[in-house]
Amino acid sequence: MPYRGLDTRLPTRPLVDFIPDDSLHVDDEDAAFYAKDDDYLIHPHWKAMIQRISNRIPRRIKRYSFVYLGLLVLLFIGWKMHFGPKLSLHRQEIAEMEDTSKAAYGINVRPHFKDMVYIKSMDEKHLPKGNKRLIAVGDVHGCKEELEQLLKEVEFNEAHDHLILTGDIVAKGPDSAGVVSLAQKYGASCVRGNHEDKLLLSIAETSERKASLPGPTDNDPKNSDFLDEESHSHGADDYTLRKLAKQFSAEQITWLKELPVILKVERIPLMGEVLVVHAGLVADVPLDQQDPFQVMNMRTIDLKTRMPSEERKFTEWEKYWNHQQKKKAETERQTVIYGHDAKRGKNIKKFTKGLDSNCVRGGHLTALIIDSEGKTTVTQVKCTGYVE
Amino acid sequence: MLLPFTFAVFTLQYLTLALPSDFSKRHVDFSEFQGLTKNARDRTRQNDPAGKYFHEATFATHYDGRFASTKLAYTPRRTHLRSLVRTYLDTMHSLHIPTWLMHGSLIGWYWNGKILPWDDDIDVQISEPSMAFLAAYYNMTVYHFTVKIPPEAAGDELDEAGRDYLLEINPNWTNNSTLDLHNVIDARWIDMTTGLFIDITTLRYNQSSEDTAEGQKLFCKDKHTYMSKSVFPLRESEYEGKPVKVPYSYAELLEEEYGKKVMTRTRWEGHYFNEELREWVIDGLP
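In this text, all values refer to a predicted model and were calculated from it rather than measured experimentally.

1. Re the overall build of chain A
Okay, so step 1: Helices and strands together make up the secondary structure of chain A, namely 11 helices and 14 strands.
Okay, so step 2: The buried share of chain A, taken over its 388 residues, is 45%.
Okay, so step 3: Taking contacts inside chain A between residues at least 6 apart in sequence as the whole, the part at least 24 apart equals 65%.
Okay, so step 4: In the form shown here, chain A has an accessible surface area of approximately 22,300 Å², with 56% of it arising from carbon and sulfur atoms.

In structure tokens, the structure reads:
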């Protein structure tokens, strides 16, 4: 039935048969079915080249590319998290060490203390000449046997060797008085460490207390409850200190009182002027302006203010010291021999020689031997360990 | 320049026996100092809270209104403060009472062993046994010193022949509680000519604290706390030319309280530290 002149009859054959040929037929088993259509974004020339190159890469390597990528990511994270900050910190430290405008520590008038020798020069006759040597030993802390053993080890000979101790020869260990006797016997040089300092202050405090006057009445306050030992005790630590004090003879205490905070050894080849202190010094601050408490206690230095600190949170003081010495003319250079920092242990650098290697806790006792040419060697003995 | 003190122990002992109670009058008020003060009338603040022992002056907080009626100018205040410290240290030294510096005074000592010129109070501490001793034997004692006051510092009526200083103990010093807010100062050393005074506080052991690696806990009634290892053993030094004690770890205490900058900054409060003079100088002066 025609409608408006069109044939509306249903076709007699399926519609598909009307398509001229089957060129549109796609077989999904054919590899071409899965091939990506070339969008011609890369020039066929280039494409061919990439193909050639990638063909040359062994399959095995191609297969591991994920692993390599993973390693690369790890490296990147590692850099970001660890090496990068470390490098920038190092750069910042260098920049801060170079910056001189901030030098502020040591402008004040150095605090003066009663009964404290600040600086002393070592007798010139002890300077290493010919076969003479200087033997510097780190914190002994009453370990007399170890000290004797070490001296035997280095073939110490009173006749031509001079012994230098870096302080803290007393307290903690078994025989503090014995170490002082030994030092006296050998005519050793020694500096005042924080333990000698505390001991001497405690002795002064006690003797002052004993000398205190009675009150205006007959009631003698020395015997009253005001000034008895108990009420004056500052805890267990103070008790240990007073017990230690009783081991020494009056003459030994006098010897300890004479120990300087800084010992100046004259110039020695290769080392420059040698200084012995217990803990450390701040570079470029005149010796006369260094705070004695800091010289006996410092571990680090805040580079922003050049203020030293007992804490470990800033830059190691010896880092700054070495950095500054390298810039100086050879005649201006100074080398510091010190102890105090058992945790960092033996720490030998060009211009700083750290000798505390934790003997009293079972570490080593360290000796630095300086010969007449300024050459240094280190000898150690193992220690028994007397405290936890 | 300061003669060894020739002190007159006043017979005011009966007053120290009076216990603080609601109806008792101030222990030693203005009327009791007739003949010892140049003040014609009392300049003590009258509306202080009940139970407060030491009263400041009406015109300023760092003066005693029983002995002064005006504040001092910059230069005379420095001179009198210096005499105040020197006489105090002299007296404590003679009495064998160890006394040490804290706070602002410790800063001044660190820089050049002197009072910071802009500081108008002096902070000293003593131990509990020392305070017990002073309270028992030396409360309300007056010390006479000959003090030479340079003419530029002296007022018309300031007498260079002799000055009296009063050691007054707060009877509430025995109260160990920091809740006793109105009596945080345990004693005062008072210049009876200018009304300037030194606040003396007792460093107390915290009885409830354990012995630690840092020693024992200590505190003052002004709520400052310390570890015994950083205060003791004390060091002997000098302050304004007189023997004084300072805490063992003075640098650490200063850093804890004020930060490192307190030991390195050379400009404070309109002054700068002149390295050549070794003095703090007012900005603008050479």
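2. Side note on the environment of G354 of chain A
Okay, so step 1: Positionally, G354 of chain A belongs in strand 12 (residues 352-354).
Okay, so step 2: With sequence-adjacent residues up to four places away left out, G354 of chain A is seen in contact with Y338, G345, K346, N347 and I348 of chain A.

3. Describing the state of the cysteines
Residues and elements named next belong to chain A.
Okay, so step 1: In total, this model carries 1 disulfide over all chains according to the counting rule given.
Okay, so step 2: Across the disulfide, C359 is cross-linked to C383 (sulfur-sulfur distance 2.3 Å). Residues C359 and C383 share a disulfide whose torsion about the S-S bond is about -110°; that sign makes it left-handed. Of the two residues, C359 is situated in the loop between strand 12 and strand 13 (364-370) and C383 in the segment after strand 14 (376-382); the sequence distance between them amounts to 24 residues. Grouping residues by exposure puts C359 and C383 together as buried.
Okay, so step 3: Considering cysteine sulfurs only, C359 is the nearest to C143, which forms no disulfide, with 3.8 Å between them.
Okay, so step 4: Accessibility expressed as a relative area gives 0% for C143, which makes it buried.

4. Digging into the environment of P49 of chain B
All names here are of chain B.
Okay, so step 1: With respect to the helices and strands, P49 occurs in the loop between helix 1 (13-17) and helix 2 (74-94).
Okay, so step 2: Residue P49 is classed as partly exposed on the basis of its relative accessible area, which comes to 36%.
Okay, so step 3: Taking the C-alpha atoms as reference points, P49 and H182, 133 residues apart in sequence, are found 7.6 Å from one another.

5. Some remarks on a positive patch on the surface
Residues and elements named next belong to chain A.
Okay, so step 1: Among the surface-exposed residues, R59, R60, K62 and R63 lie close enough to one another that they form a single positively charged patch.
Okay, so step 2: For K62, the location among the structural elements is in helix 2 (residues 59-63).
Okay, so step 3: Under the relative-accessibility criterion, K62 is labelled partly exposed at 37%.

6. Focus on the domain arrangement of chain A
Residue and element names in this part refer to chain A.
Okay, so step 1: Each assigned domain of chain A is listed with its residue range as follows: domain 1 (42-99) and domain 2 (119-209 + 237-382).
Okay, so step 2: Summarising the inter-unit geometry, the C-alpha centres of domain 1 and domain 2 are found 49 Å apart.
Okay, so step 3: Tallying the contact residues gives 7 residues for domain 1 and 9 residues for domain 2.
Okay, so step 4: Around 740 Å² of area is buried between domain 1 and domain 2 when both sides are counted, 48% of it from carbon and sulfur atoms.
Okay, so step 5: When residues of domain 1 are sorted by the area they lose upon contact with domain 2, E93, E96 and M97 head the list and together hold 73% of the total.

7. Brief notes about the packing of aromatic side chains
What describes a pair of aromatic rings is the distance from one ring centre to the other and the angle between the planes of the rings.
Okay, so step 1: Going through the model one piece at a time under the given rule, you end up with 23 aromatic pairs over all chains.
Okay, so step 2: Through a chain of ring-to-ring contacts, three or more aromatic side chains come together here, namely F113 and F293 of chain A together with W109, Y110, Y248 and Y250 of chain B.
Okay, so step 3: Over the aromatic face of F197 of chain B sits the side chain of R188 of chain B, whose NZ or CZ is 3.8 Å from the ring centroid.
Okay, so step 4: Against the face of W268 of chain B rests R265 of chain B, its NZ or CZ located 3.8 Å from the ring centre.

8. Regarding the interface of chain A and chain B
Interface size is often expressed as the accessible area that is lost when the parts come together.
Okay, so step 1: With 46 residues of chain A at the contact, the number on the chain B side is 38 residues.
Okay, so step 2: Our count for the chain A to chain B interface comes out at 2 salt bridges.
Okay, so step 3: K114 of chain A serves as the salt-bridge partner of E236 of chain B, at 3.9 Å between the closest nitrogen and oxygen.
Okay, so step 4: Summed over the shared surface of chain A and chain B, the number is 8 residue pairs in polar contact (both at pLDDT 80 or more).
Okay, so step 5: Listed by contribution, the elements that provide at least two residues to the side of chain A that touches chain B are helix 6 (194-211), helix 7 (229-232), helix 8 (236-245), helix 10 (292-297) and strand 8 (307-309) of chain A.

Parameters and conventions
- Residues numbered from 1 in each chain as written.
- Chains lettered and ligands numbered in written order.
- Predicted model: local features only at pLDDT ≥ 70, side-chain atom pairs only at ≥ 80, totals over all residues.
- Heavy atoms only, no water.
- Helix = DSSP H or I, 4+ residues; strand = E, 2+ residues; numbered from the N terminus.
- Buried < 20%, exposed > 50% of the residue type's maximum accessible area, 1.4 Å probe, protein only.
- Contact = heavy atoms within 4.5 Å.
- Areas by Shrake-Rupley, 256 points an atom, 1.4 Å probe, with all protein chains shown as cover.
- Disulfide = S-S within 2.5 Å.
- Patch = residues over 30% accessible without salt bridge, like charges linked within 9 Å, V, L, I, M, F, W, Y side chains within 5 Å.
- Salt bridge = Lys/Arg side-chain N within 4 Å of Asp/Glu carboxyl O.
- Lys, Arg positive; Asp, Glu negative; His and termini not counted.
- Charge placed at Lys NZ, Arg CZ, Asp CG, Glu CD.
- Domains from an automatic or database assignment.
- Buried area = accessible area lost by both parts, 1.4 Å probe.
- Phe/Tyr/Trp six-rings, centres within 6.5 Å; stacked < 30°, edge-to-face > 60°.
- Lys NZ or Arg CZ within 6 Å of the ring centre and 35° of its normal.
- Polar contact = N/O pair within 3.5 Å; in protein donor to acceptor, adjacent residues only side chain to side chain.

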